[in-house]
Amino acid sequence: MDRKRKWVLSSGALLVLFLGRMTTALEVPLDPKVLEGLPQPPTITHQSPKDFIIDPRENILIYCEAKGKPHPSFSWTRNGTHFDVEKDSKVLMKPSSGTLVIDISGEKAEAYEGIYQCTARNEHGTAVSNNIFIRQSRSPLWSKERKEAIMVQVGVSLVLQCRPPAGLPPPIIFWMDNNFQRLPQNTRVSQALNGDLYFSNVLLDDTRNDYICYARFPHTQTIQQKQPITVKVLDNSPSGERRPSFMAPLGQSSTQMALRGGVLELECIAEGLPTPEVSWYKESGDLPSSRMSFHNFQKTLKIADVMEADAGDYRCTAKNSLGSAHHTIKVNVKAAPFWISAPRNLILAPEETGILTCRVSGDPKPQIAWSVNGVPIKDSPKDTSRKVEDDTVILSDVQTGSSAVYQCNASNEFGYLLANAFVNVLAEAPRVLTPPNNVYQVITNNPAFLDCASFGSPIPAITWFKDSQTSILNRDPYVIHNNGTLEINVAQSLNSGKYTCIASNNLGTRENHVYLEVKEPTRILAQPEYMVVQRNRKAVFECKVKHDPTLIPTMNWLKDNGELPDDERFLVDTDSLTINEVTEEDEGTYTCVMNTTLDQDSASAMLTVVEATPTPAIVYEEPDPPTDLELTDQRERSVQLTWIPGDEHNSPTQKFLVQYEDLLHQAGVWHNLTEEEGTKTTAHLDLSPYAYYSFRVLAVNHVGYSQPSRPSRQYRTNPAAPDVNPTDVHGVGTEHNNLVISWKELTGLQSNGPGLQYKVNWRQKDVEEDWLSETVANTSKYVVSGTPTFVPYEVKVQAVNDYGNGPAPEAVVGYSGEDVPMSAPESVQVLVQNGTLAEVHWEPVLTSMVRGRLQGYKVSYWRERSLHQAEAQQEEQQVLLFSGNRTDGRLPGLKPYSLYTLNIRVVNGKGEGPPSPNHNFETPEGVPGPPSFLRIKNTDMDSLTLEWGPPQDNNGRLTGYTLKYQPVNSSNELGPVEEMMFPANETTVILADLKYSTRYKFYFNAKTIKGSGPTITEEAVTIMDEAMKSDQVDLATQGWFIGLMCAIALLILVLLIICFIKRNKGGKYPVKEKEDAHQDPEIQPMKDDDGTFGEYSDTEDHKPLKGSRTPSNGTVKRDDSDDSLVDYGEGGDGQFNEDGSFIGQYSGKKEKDTHEGNESSEAPSPVNAMNSFV
């Protein structure tokens, strides 16, 4: 809206400001409460893309969503004729929607190919969608061909053709070998854009029989393979070195066409030996470095987001050590139609006038065709209130009932644009949208903004009152903005009170009350001071604050702009910080920050930690003051000063400090004039005119300064013209029509004489005009009124006194005052990067329209609704400020699958300009959020019921849910995982065939086409069988069971005692007793000393043992004891319990004879005996 700003008048008690009317741009408020009940023609909110390639394996989904009051009805055309959805059993239209779902199971998808268009209509008009071209994705098979081996001499060039079958969309080409490894590519061997494999020159290593071209069809995710190609490189007639020549493209030049906004790919592939290098440059200008990139080893130049300036001649150069070759590609840039300004919806009151504009551009120039309610205007009934002029429709003196939807179609040979814009004729009484009784709080001297957002048709006029009685003076800084907001530039306590805004039109009046509270600022009265503290001493920083008593303050302390260390030595009080036992690590800058809900103040001080001063063996003191000051060599602007040093007190004098007092300008104030080395007693002093000087000297050693010497006698200098001009000269406007020239005044000593004045000069820069001047005194600024808004001025300030002028001053450039911008950014475009990020681009506002120093561009954006929802649910507006003369920016933190609206304002030092037209964009789908809940109910012995809720944030169209679950044993070990899938419309499932008395863990998440969302988990335990629980309880409480366990324990204890006694007595096993009975002298006794089995050993002639067999081959059996554990089954065939205990019995090997087994038969070992009780 273009409403004029007006200042508040003081006629009575009214804050008089009426908003001007512009009948062509009334905005519809987004508040659903306001929209409820308002009639509205249909608006298409979501539709499928113009070129829609479908997967033949899935149902066809053609979107068409619209809103309106009443809710619109939908119909479709196919290939230009009516498509009767009800007559086709395979086609379903979703309720309250125009979206078509076509079931192609058992049907061929080709049957539903064609151009579809959706129509949404209600009693107020008809909106139409784009033409949606439905095509089935295709991945045809490779034609069979027989490939002969390619024979080629080493060094020559070679092209291996791929020529994949034409698919929809086109396939992605890559070359691999039989092992599915990509063939290596480099500057010599590379793949062209058409998929062919180019060799600039072949090597013997290029011989192989598995050059295979693969084509991947992205829509169906299928990969097809060409027959392998065999290449044999011969070396009987090698090719020699040669200059480069181009293999693609051929000839000296070629042409190529690119579309604006698309991607331009230029390719040059050269052959030669040695392998040539390729370089690029543009003959008619520079390459666009920010949008270009090189690929395929510099053989391909890629330019993104093509612009008209990219047209021209591009030269590629191939070069090797023998020469170079050139090829020129002439690039022509064309453009499909693109928006300059799309038509916007209009809300008009009866008898008002409105304008629809459809501004587009393209190459060739697009043809514009207007329709109303889906019918070409030339074929619709004649309407005398409507006039069509090329890209503009003018509606005059509209009447109730003439609401309609207009379509603008702009087309050329490269595409088309279609936009719907409704004209809604409404007669609505005013509504105030700002909540009543809002309380606004602001700190003194800051601007205050009181809202009064309204809606009505015609546009309501806004009037403001204060306290119902208080009149406002003309000079009071009240301003009402276009949206009805009342601004107080510099709020003071007297501005506090009750304010009333009234919105009125010819259909009624509404009022609203708000309140303003102006608070006192927060100020730090006693700031922390710089401290030097000895180590292990205490440091105390004070920070006393004054604040508005109605605001609650919060004190925070920072160290080096970070948090205070977590140390009990740091004590924070109401108005101080105490650090006990300071260390070197405590050094740094400490800042106290006082915050309230409206403002804050802070102050900082440094802490330095030093070592404790040791007691010196010698007393060092400051030197005594110098004496006997004498002035010699007296001249107009200089004098010689001499003195006698005082006692140094064991510390050599490092320097002397000479100070002066000007009795004429600053009596009693001493200033530093110069320093001299500690070995000197004379100083040459440069003086200024028109001063009454006295001098004194201080001595300095490492202890400190001495007391000052007695002053010298007075020395007067004569007046003169100024030597210097004022510094820090600036020219800054404080209002849109003034220029404030300021400077730093000269000191009395700098004035050089009486009658000091300042000659202020100014003139507009780059304009042929004379300097204007004004002479002022006793001030540091001068205000030039009546200046143009924000134009550069040259300013200079010259010092003047009674004895003449100062030196010629240098000119400084300043600017007159700023005013709010007059124009909004244009050509706003949004490029959606992903579900959470978008880029916004715009054309910058002309400098003349900025009317001030450009601060940047403010992008306001908000989420209208999720694309699941038909009705708007606007969220809180977000604002980003992009500093400087930017033309683009990024919008992070978006929500997937949502409709967003944004506008852009230019910002200068004075404020914000008008917003650009609202621009809508949509974000794609993303993964969903977690399911809202997962509950477990009806738990039984072998089953339970799961219930869940859909995610709060779908972020797309839910495709289903995934459930995984697994048992968990008593030691928290996880069992095997079971997985189940559920459709999106299910919210409960019964799990059966579970184990009783078992804990299960469940993992549950939702899915969209973008993938699975976060997982939520839950656990549950199935119920134990009641009979088993009863048995278990009875067994544990029976007396016989307890007695049995005690008896077993006692028996084990007795056996252990017996084994221990026999072991200590050296008891023999039955095997030993049997050997003792035989008394064979050739048999050595077993070892008894360590309680283990001894070993049989042969005599030197290796006689066989008694009772043993000699193998048939004449060899003697191994010399182990027949009673060895190996022979009794402990070898590789031994068995162990699950806990690792041995459970085998002593027994003969299976290979032994029966009598050997009998001879070896012995009583079980004590270990086995114990194991038998386990």
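Check the entry above for the structure.
Given the structure is predicted, the values throughout are model-derived calculations rather than measurements. (Residues numbered from 1 in each chain as written. Predicted model: local features only at pLDDT ≥ 70, side-chain atom pairs only at ≥ 80, totals over all residues. Heavy atoms only, no water.)

Asker: Is there a simple way to think about the environment of S604 in this case?
Answerer: Among the structural elements, S604 can be located in strand β57 (residues 600-610). Overall, the relative accessible area of 42% leaves S604 in the partly exposed class. Separated by 44 residues in the primary sequence, S604 and D560 place their C-alpha atoms 9.6 Å from one another. Each residue touching S604, except ones within four places of it in the same chain, is listed here: P528, T589, Y590 and T591. A polar side-chain atom of S604 sits 2.6 Å from a polar atom in the side chain of T591. (Helix = DSSP H or I, 4+ residues; strand = E, 2+ residues; numbered from the N terminus. Buried < 20%, exposed > 50% of the residue type's maximum accessible area, 1.4 Å probe, protein only. Contact = heavy atoms within 4.5 Å. Polar contact = N/O pair within 3.5 Å; in protein donor to acceptor, adjacent residues only side chain to side chain.)

Asker: Explain the sheet that holds strand β4 (residues 60-62) here, please?
Answerer: Picture the strands of a sheet paired through backbone hydrogen bonds; they go either parallel or antiparallel. Within the open sheet, the 3 strands sit side by side as β4-β9-β8. Their pairing is antiparallel. The sheet is open, and its two edges are formed by β4 and β8 (91-93), each paired on a single side. With direction set aside, neighbouring strand axes in the sheet form an average angle of 15°. With 3 bridges connecting them, β4 and strand β9 (residues 100-102) associate as antiparallel partners. Residue L61 lies in a different strand from β9, and its bridge partner there is V101. (Pairing = 2+ DSSP bridges. Axes fitted to C-alpha atoms, helices over the stretch in contact; angles between N-to-C directions.)

Asker: What is the right way to read the layout of surface pockets from this model?
Answerer: The rolling of a water-molecule-sized probe over the atoms marks out the regions of remaining empty space. In this structure, the second largest pocket encloses a volume near 1200 Å³. Residue lining of the second largest pocket: 36 residues in total, with L61, Y63, E925, R957 and I1009 positioned closest to the centre. Only β2 (40-47), β3 (51-54), β4 and β5 (64-69) provide two or more residues apiece to the lining of the second largest pocket. Looking at side-chain class alone, the lining of the second largest pocket contains 15 nonpolar, 12 polar and 9 charged residues. (1 Å grid on protein atoms, 1.4 Å probe; cavity = no way out; pocket = protein on both sides within 12 Å on 5 of 7 lines; lining within 4 Å. Points joined across faces, edges and corners; volume = space filled by probe spheres on them. Nonpolar A, V, L, I, M, F, W, Y, C, P; charged D, E, K, R; others polar.)

Asker: I'm lost on the pairing of strand β24 (residues 269-273) in this one. Help?
Answerer: The side chains of a regular strand alternate between both faces of the sheet. Burial within β24 is extensive, with 5 of its 5 residues counted as buried. A two-sided burial pattern is seen for β24, the buried positions comprising I269, E271 and L273 on one face and A270 and G272 on the other. Across 4 bridges, strand β21 (residues 242-248) lies against β24 in antiparallel orientation. Its bridge partner lying in β24, F246 is registered against A270.

Asker: Help me understand the pattern of salt bridges, please; the structure alone is not making it clear to me.
Answerer: Opposite charge on two side chains permits them to pair, given that their charged atoms come into close proximity. Evaluated as defined, the whole model comprises 35 salt bridges. The salt bridge partner of K559 is D560, with a shortest N-O separation of 3.4 Å. Classification of K559 by relative accessible area gives buried; the value is 13%. Residue D560 is classed as partly exposed on the basis of its relative accessible area, which comes to 43%. Among the ionic pairs, E875 bridges to K895, the shortest N-O distance being 3.4 Å. Placement of the pair is E875 in the loop between β75 (854-866) and β76 (878-883) and K895 in the loop between β77 (888-891) and β78 (898-908), with a sequence separation of 20 residues. With relative accessibility at 29%, the residue E875 sits in the partly exposed group. (Salt bridge = Lys/Arg side-chain N within 4 Å of Asp/Glu carboxyl O.)

Asker: Got a minute to help me understand the sheet that holds strand β59 (residues 638-644) in this structure?
Answerer: Strands sit in the order β58-β59-β62 across an open sheet of 3 strands; the sheet is antiparallel. The strands lining the two open edges of the sheet, one partner per strand, are β58 (627-632) and β62 (682-686). On average, adjacent strands in this sheet sit at an angle of 25° to one another, irrespective of strand direction.

Asker: Which parts of the structure should I look at to understand the state of the cysteines?
Answerer: Simply put, disulfide is the name for a covalent bond between the sulfur atoms of two cysteines. Applying the stated criterion across every chain yields a total of 6 disulfides. What pairs with C358 in a disulfide is C408, and their sulfur atoms sit 1.7 Å apart. Residues C358 and C408 are joined through a disulfide that is left-handed, its torsion about the S-S bond being -70°. Of this pair, C358 sits in the loop between β31 (354-357) and β32 (359-363) while C408 sits in strand β37 (residues 404-412), and the two are 50 residues apart along the sequence. The pair formed by C358 and C408 is uniform in burial state, with each residue classed as buried. Across the disulfide, C543 is cross-linked to C592 (sulfur-sulfur distance 2.0 Å). What sets the handedness of the C543 and C592 disulfide is the S-S torsion sign, and at about 60° it is right-handed. Of this pair, C543 sits in the loop between β50 (539-542) and β51 (544-546) while C592 sits in strand β56 (residues 588-595), and the two are 49 residues apart along the sequence. A relative accessible area of 1% means that C543 is categorised as buried. With relative accessibility at 0%, the residue C592 sits in the buried group. Disulfide partners in the protein, listed by the sequence order of the bonded cysteines, are 1-2, 3-4, 5-6, 7-8, 9-10, 11-12. (Disulfide = S-S within 2.5 Å.)

Asker: Help me understand the pairing of strand β33 (residues 367-372) in this model?
Answerer: As paired strands, β33 and β37 are joined by 6 bridges and run antiparallel to one another. Note on β37: the bridge partner recorded for A369 is N409. Summarising the sheet, β33 and strand β34 (residues 375-376) pair through 2 bridges and their orientation is antiparallel. Residue S371 lies in a different strand from β34, and its bridge partner there is P376. Where β33 hands over to β34, the hairpin turn is made up of 2 residues, of which N373 adopts a positive phi near 55°.

Asker: When you look at the nonpolar core in this model, what are you seeing that I'm missing?
Answerer: Generally speaking, nonpolar side chains in soluble globular proteins are found buried as a group. The biggest cluster of nonpolar side chains holds 25 residues, and the ones touching the most others in it are I62, W76, I102 and Y116. When residues of this core are traced back to their parent elements, those giving at least two are β3, β4, β5, β6 (73-78), β9, β10 (114-122) and β12 (132-136). Looking at which element gives the most residues to this core, the answer is β10, with 3 residues. Residues contacting I62, with those up to four places away along its chain left out, are S48, W76, G98, T99, L100, I102, Y116, I132 and I134. Counting 20 residues, the second-largest nonpolar core is a separate cluster that includes L158, L197, Y211 and I229. (Core = buried A, V, L, I, M, F, W, Y, C linked by side-chain atoms within 4.5 Å.)

Asker: Just to check I follow, could you spell out the packing of aromatic side chains for this structure?
Answerer: Each aromatic ring pair is characterised by the separation of its centres together with the angle its planes make. This model, assessed by the stated rule, comprises 22 aromatic pairs. With centroids separated by 5.8 Å and ring planes inclined at 80°, the aromatic side chains of F83 and Y116 adopt a geometry described as edge-to-face. Of this pair, F83 sits in strand β7 (residues 81-83) while Y116 is found in strand β10, placing the two residues 33 residues apart along the sequence. An identical accessibility class is assigned to F83 and Y116; each is buried. The residue whose ring lies beneath R260 is F338, and the NZ or CZ to ring-centre distance is 3.6 Å. Residue placement shows R716 over the ring face of Y692; its charged tip is 3.9 Å from the ring centre. (Phe/Tyr/Trp six-rings, centres within 6.5 Å; stacked < 30°, edge-to-face > 60°. Lys NZ or Arg CZ within 6 Å of the ring centre and 35° of its normal.)

Asker: What is the right way to read unusual backbone geometry from this model?
Answerer: What is expected of a backbone is that most residues other than glycine have negative phi and most peptide bonds are trans. Residue P70 follows K69 across a cis peptide bond; omega there is -5°. With respect to the element layout, P70 can be found in the loop between β5 and β6. In this model, S96 sits at a positive phi of 55°, which is unusual for a non-glycine residue. Topologically, S96 is positioned in the loop between β8 and β9. The exposure class assigned to S96 is exposed, which follows from its relative accessible area of 61%.

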